[in-house]
Amino acid sequence: MRDLITSIDSTRLGFFKSILDEAEIPCFIRNETTAQLANIFIGPLQPTLCLVNDADYEQASVLLLPHQSEEACSAEEWPCPACKESNPASFEVCWKCQAVKPE
Ligand SMILES: [Zn+2]
């Protein structure tokens, strides 16, 4: 088993999982329910998309890469350099960790 992506956004993880499901890469989302019940926790309790087989890691990364960079290139949002959370373009600091928006 290997962790692939961790995100507080379980909807996004579900989307990534559907891509891997389509490619017939065995995977599952860990901590999904736990995080919803106790969303004040971060870190180990964040939902994580996991691969059943370590050997699938490279293929899975390649499959998901275009979807991740699409988000990073969006003019509407900027990804926090510290915690990787997406922020609306109008925000000057990260809503989650208060890191300053990069130039
Ligand atoms: Zn942040």
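All figures in this text were calculated on a predicted structure; none of them were measured in a lab. Numbers given for residues are sequential positions, taken from 1 along each chain in its written order. This being a predicted model, a pLDDT of at least 70 is required before a residue's local features are given, and a value of 80 or more before pairs of side-chain atoms are given or counted; all residues contribute to the totals for chains, interfaces and linings.

Section: the overall build of the protein
When helices and strands are tallied, the protein shows three helices and five strands. Out of the 103 residues belonging to the protein, those deemed buried represent 12%. Under the scheme used here, helices are H or I runs from DSSP no shorter than 4 residues and strands are E runs no shorter than 2 residues, and both carry numbers assigned from the N terminus. The burial label depends on the number of other C-beta atoms within 10 Å of a residue's C-beta. Counts of 20 or more mean buried, 12 or fewer mean exposed, and intermediate counts mean partly exposed, with C-beta atoms placed from the backbone.

Digging into the nonpolar core
For the purposes of this analysis, a nonpolar core is taken to be any set of buried Ala, Val, Leu, Ile, Met, Phe, Trp, Tyr and Cys residues that are connected through C-beta atoms within 7 Å. By size, the foremost hydrophobic cluster in this structure holds seven residues: Leu13, Phe16, Leu20, Cys27, Leu49, Leu51 and Ala60. Only α1 (10-22) and β3 (48-51) provide two or more residues apiece to this core. It is α1 that contributes the most residues to this core, three residues altogether. Sequence-distant contacts of Leu51, that is, excluding residues within four places in its chain, are made with Met1, Arg2, Leu4, Ile25, Cys27, Asp56, Tyr57 and Ala60. Contact between two residues is assigned whenever their backbone-derived C-beta positions fall within 7 Å.

Examining the confidence of the model for the protein
The predictor's confidence in any single residue is recorded as pLDDT, a number from 0 to 100. Scored by pLDDT, the protein has a mean of 84; 82% of the residues are at 70 or more. No element of the protein has a lower mean pLDDT than helix α2 (residues 32-37), at 61, and none a higher one than β3, at 94.

Considering the sheet that holds β3
Note: two strands are recorded as paired if DSSP finds a minimum of 2 bridges between them. With respect to topology, three strands assemble into an open sheet ordered β1-β3-β2, the strand pairing being antiparallel. Strand pairing shows two members of the sheet lacking a second neighbour, β1 (2-6) and β2 (27-30), which therefore form its edges. Here the strands of the sheet are splayed against their neighbours by 30° on average, with no regard to which way each runs. Inspection of the sheet shows β1 paired to β3 by four bridges, in the antiparallel sense. Within β3, the residue paired with Thr6 across the bridge is Thr48. Think of each axis as a best-fit line through the C-alpha atoms, taken over the contacting stretch in the case of a helix, with angles from 0 to 180 degrees between the N-to-C directions.

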